[in-house]
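One-letter residues, chain by chain:
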Amino acid sequence: MPDSPAAEIVEKVGGPGNIESLTHCATRLRFQLRDGDLVDQSGIESLPGVMGAVPQAGDRFQVVIGGGVQTVYNDIMALPTMTGDAEGDVDDAAAIKARERARGPRGKVAWLDTLFEFLSDSFRPILGALLGASLFITFMALMATLGVIPSWNAPGVVLEPSWAFINLMWQCVFIFLPLMVAYNASQKIGADPWVGFAIMAVVMLPGFMALGQDATAQQIVFLGSDITTVPVFGIPLTVFDYSSQVFPPLLMAAVLGPLWKGLKKIIPTNLHLIFVPFLAMLIMIPLTAFLIGPIGVYAGAGLANLLSSINDFSPFIFAIIIPLAYPFMVPLGLHWPINAIMLLNIQTLGYDFIQGPMGAWNFACFGATAAVLVLAWRERDPAMKQTATGALAAGLLGGISEPSLYGIHLRFKRIYPRMLVGCFVGGLIIGIGGGVRTEAFVFTSLLTIPAFQPLALYGIAVAAAFITSMTLVMIFGYKPKPTAEEAAAADTDATAAPAGPSGAPAAATAAATAGGVATATAARPATATATADPGNAPEVGTALQIMSPLDGRAVPLSEVPDPVFAGGTMGPGVAIEPSGDTVYAPGAGTVAAAQPTGHAFGLVLDGGIELLIHVGIDTVNLKGEGFDVKVSNGDRIEVGTPLVTFDRAVIEKAGYPLITPVIVLNADQFDAVDPIELGPTTAGAPLLSVETKASER
């Protein structure tokens with residue numbers, strides 16, 4: 001059984017030629033395919049490590065992986081067929097890679113799909129900060145409910161310093177939320193995220209708000225609201241408090257992206273570092289302050305007023321519609337604009353009326369997951385027990401519905417009707433009770449129940465939603481009922497299947513036949529070739545050596561300023577702080593992936609070791625500037641073959657660390673991967689010892 005389902009996923013979505021583009025979010029791989037009918041959905045869902053698969057309109061397809069999605073994504077993008085090594089896939093792979101480097105809207109998707117992908121990727125990276133802040137808010141609300149402190153966020157209330165400090169722990173996230181959104185949105189659209197951050201920071205400076213106190217400032221009425229304007233070079237500047245606003249940074253980034261790309265086209269490459277950021281800021285700061293910012297404020301206010309009008313007209317209907325709509329909104333990404341409106345409601349109204357009914361949907365979702373968990377225990381289904389346990393924990397403790405939705409509910413369509421009944425019951429109770437409000441943005445989990453008022457009404461509603469969904473799913477089940485023919489076939493298979501392990505060897509390494517070129521004639525991994533050529537397998541317990549690819553100093557991976565490498569997510573190895581400027585092959589083998597940017601190389605060494613050499617951290621952002629690549633995919637290499645020469649000055653000037661991880665990607669195929677010696681090293685000196693598995697013989 002392969003350790004990563006990467007190759008199988010690519011095969012079952014129709015092969016690399018069927019992949020128009022590939023991105024990922026926190027839990028899912030997002031494919032844009034050329035022909036969605038080529039997908040083997042049931043085959044994908046049966047793969048180890050896959051929680052579910054979700055087909056979508058427009059030949060889009062999502063594969064639910066969970067927390068390890070980054071690793072699987074990297075595995076897919078490192079496959080020979082995706083890097084252009086395999087014969088016939090060069091054009092398709094190059095197109096995919098080019099779109100990945102562009103980091104902009106990709107694939108043949110409708111403008112609406114692109115919009116919601118943009119919104120999703122603008123908010124997703126800060127969900128952890130939002131969740132943490134919401135728990136601080138819940139704690140403050142609980143203390144106020146118990147009478148320990150006064151109403152913690154009422155106008156004019158002054159908390160004593162200890163409680164005021166705790167209050168700052170959540171305010172730090174929401175006050176500066178526009179800066180976080182500006183960073184993520186600018187990065188998503190293909191611009192320098194720090195430039196986007198800086199542009200938005202201008203309108204959040206205390207000095208910007210102070211302009212409204214100038215003697216020349218005027219109060220005017222616009223669209224029924226009092227606003228402050230001040231003349232700047234004779235042009236009226238509207239002074240807003242942009243704290244917690246999300247629409248202005250989103251609009252700013254949407255304009256910054258095309259401008260950034262246009263400037264890069266007309267400015268010579270060697271002047272990009274200075275003049276592209278400068279001109280972008282010169283244009284975008286006034287544009288944001290005078291035009292984009294106010295438009296964003298009023299656009300958000302308009303949407304918020306629309307929903308508020310519906311709620312004012314009939315809180316009863318509103319409380320029912322919201323939980324019934326959310327199960328369909330979340331898979332489409334339509335909930336992101338609603339989250340932005342919740343934040344705006346709190347800033348403008350002092351409370352939000354959407355999160356309460358939304359809680360009915362969340363707890364109905366979690367109740368259905370709890371039922372699946374109970375049924376999985378009864379049926380002794382370990383895979384579903386693991387999936388449901390993780391999804392239920394994420395839901396009840398974090399208020400996150402995506403693991404339940406994508407990992408279970410969208411896979412088993414019988415769940416949705418039962419879950420919708422729970423949504424209706426919870427919304428009905430909230431509607432009859434006159435609605436539920438909260439004075440802060442929180443995730444609807446068990447831990448945040450005290451943040452809602454009336455507390456008893458909200459508690460009864462979410463409990464009813466949870467119990468209703470759980471009961472119905474437990475009674476009626478969640479798996480499709482087999483036909484008579486399927487039941488007979490399953491019974492026959494159970495009788496005829498031989499007992500014992502399958503004995504099938506593990507899949508060959510990803511680069512074993514890269515570009516149609518056979519790997520080294522020396523020893524190959526026993527798991528990949530024992531049956532075909534046992535004479536070439538290394539002896540049991542053989543220690544293979546990987547030489548240093550660089551002059552410098554070898555240090556533990558824990559010193560790499562990147563959690564993926566430092567935490568060993570990619571695999572074991574060491575890192576080198578280089579003193580030279582050339583990376584050499586650390587062993588004889590084949591180049592499986594030579595990135596055109598020069599920042600990373602995938603090698604398959606004789607003996608079957610799959611090695612990653614990553615030159616610096618985040619150096620992919622240089623897009624090849626300062627790198628002179630010496631090899632190509634499929635090239636035969638020997639110890640000391642130059643792979644790339646890099647310009648240290650260019651990397652250091654850009655602010656990227658030069659430390660270079662050297663990682664064994666398929667370490668699970670070996671008994672041990674250990675550094676030979678840390679400290680000073682030279683290219684060609686022994687660096688890592690890799691011991692073959694005794695069990696492989």
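Computed from a predicted structure; not experimentally measured.

Asks: An account of the overall build of the protein is needed here, citing residue identities and associated values.
Replies: In terms of regular secondary structure, the protein is built from 24 helices and 23 strands. Looking at the protein residue by residue over its 697 residues, the buried ones come to 51%. Taken as a whole, the protein presents about 30,300 Å² of accessible surface, with 63% of it coming from carbon and sulfur.

Asks: Tell me what's going on with unusual backbone geometry, and back it up with residues and numbers.
Replies: With an omega of -5°, the peptide bond between Q453 and P454 qualifies as cis. As for its position among the elements, P454 is in the loop between strand 9 (452–453) and helix 20 (455–476). For K623, which is not glycine, the phi dihedral falls at a positive 55°. Here K623 is to be found in the loop between strand 16 (610–614) and strand 17 (627–629).

Asks: Before we move on, can you summarise the pattern of salt bridges with the specific residues and values?
Replies: It is possible for side chains of opposite charge to pair when their charged atoms get near one another. On inspection of all chains with the given rule, the structure shows 6 salt bridges. A salt bridge links R636 to D606, with the shortest nitrogen-to-oxygen separation between them at 3.0 Å. Remark: D606 occurs in the loop between strand 15 (600–605) and strand 16 and R636 occurs in strand 18 (residues 636–637); sequence separation between them is 30 residues. Judged by relative accessible area, which is 41%, R636 ranks as partly exposed. When the shortest N-O distance is used, the salt bridge between E638 and R636 registers 3.2 Å. Three or more residues are tied together by salt bridges with common partners; here these are D606, R636 and E638.

Asks: An account of the packing of helix 9 (residues 177–189) against helix 12 (residues 247–266) is requested, with residue identities and associated values reported.
Replies: Across the interface, helix 9 lies against helix 12 with an axial gap of 8 Å and an inter-helix angle of 35°. Like other packed secondary-structure pairs, helix 9 and helix 12 cross with a definite hand, here right-handed. Contacts between helix 9 and helix 12 involve P178, V181, A182, A185, S186 and I189 on the former and, on the latter, P249, L250, M252, A253, L256, G257 and K261. Across the contact of helix 9 with helix 12, the residue classes tally to 10 nonpolar, 2 polar and 1 charged.

Asks: So what about the packing of helix 7 (residues 127–145) against helix 8 (residues 161–175)? Which residues, and what values?
Replies: It is at 8 Å that the axes of helix 7 and helix 8 come closest, and there the two elements cross at 145°. Of the two possible hands of crossing, helix 7 and helix 8 adopt the one that is left-handed. Every residue of helix 8 that contacts helix 7 at A129, L130, A133, F136, I137, F139, M140 and M143 is listed here: W163, I166, N167, M169, W170, V173 and F174. When the residues that make up the contact of helix 7 with helix 8 are grouped by side-chain class, the tally is 14 nonpolar, 1 polar and no charged.

Asks: I'd like to hear about the packing of aromatic side chains, residue by residue, with values.
Replies: Taken as a whole and judged by the stated rule, the model has 11 aromatic pairs. Between F363 and F366, the ring centres sit 5.7 Å apart and the planes meet at 70°, which makes this aromatic pair edge-to-face. With a gap of 3 residues between them, F363 and F366 both fall in helix 16 (residues 355–379), about one helical turn apart. Grouping residues by exposure puts F363 and F366 together as buried. Both rings, one in F452 and one in Y458, keep their centres 4.0 Å apart while their planes meet at 15°; by these two values the pair is stacked. Looking at Y458, the relative accessible area reads 0%, which means it is buried. Over the ring of W377 we find K385; its NZ or CZ atom is 4.0 Å from the centre of that ring. Across from the ring centre of Y351, 3.8 Å away, lies the NZ or CZ of R437, which sits over that ring.

Asks: So what about the pairing of strand 20 (residues 660–664)? Which residues, and what values?
Replies: Of all 5 residues in strand 20, 5 are buried; the element is thus mostly enclosed. Every second residue of strand 20 is oriented toward a common face, with T660, V662 and V664 on one face and P661 and I663 on the other, all of them buried. Two elements, strand 12 (residues 573–578) and strand 20, share 4 bridges in a ladder whose sense is antiparallel. Residue pairing for strand 20: I576 is matched across the bridge by T660. Bridge analysis of strand 16 against strand 20 gives 3 bridges, and the strand direction is antiparallel.

Asks: Go over the sheet that holds strand 19 (residues 642–646), please, and point to the residues and values.
Replies: Pairing in this open sheet of 3 strands is antiparallel, and the strands run 13-19-17 from one edge to the other. Each edge of the sheet is formed by a strand with only one pairing partner; in this case those strands are strand 13 (582–584) and strand 17. With strand direction ignored, the average angle separating the axes of adjacent strands in the sheet is 15°. Relative to strand 19, strand 13 runs antiparallel, the two sharing 3 bridges. Counted as the bridge partner of T582 is T645 from strand 19.

Asks: Explain the environment of L307 to me, and be specific about the residues and the numbers.
Replies: Position of L307 relative to the elements: it lies in helix 13 (residues 272–313). Remark: the alpha-carbon pair of L307 and I341, spanning 34 residues in sequence, is separated by 8.9 Å. Those residues in contact with L307 that lie beyond four places of it in its chain are F318, I338, I341, F353 and I354.

About the criteria used
Residues numbered from 1 in each chain as written. Predicted model: local features only at pLDDT ≥ 70, side-chain atom pairs only at ≥ 80, totals over all residues. Heavy atoms only, no water. Helix = DSSP H or I, 4+ residues; strand = E, 2+ residues; numbered from the N terminus. Buried < 20%, exposed > 50% of the residue type's maximum accessible area, 1.4 Å probe, protein only. Areas by Shrake-Rupley, 256 points an atom, 1.4 Å probe, with all protein chains shown as cover. Salt bridge = Lys/Arg side-chain N within 4 Å of Asp/Glu carboxyl O. Axes fitted to C-alpha atoms, helices over the stretch in contact; angles between N-to-C directions. Left-handed = near helix turned anticlockwise from the far one by under 90°. Contact = heavy atoms within 4.5 Å. Nonpolar A, V, L, I, M, F, W, Y, C, P; charged D, E, K, R; others polar. Phe/Tyr/Trp six-rings, centres within 6.5 Å; stacked < 30°, edge-to-face > 60°. Lys NZ or Arg CZ within 6 Å of the ring centre and 35° of its normal. Pairing = 2+ DSSP bridges.

Limitation: the analysis is restricted to geometry and does not speak to function.
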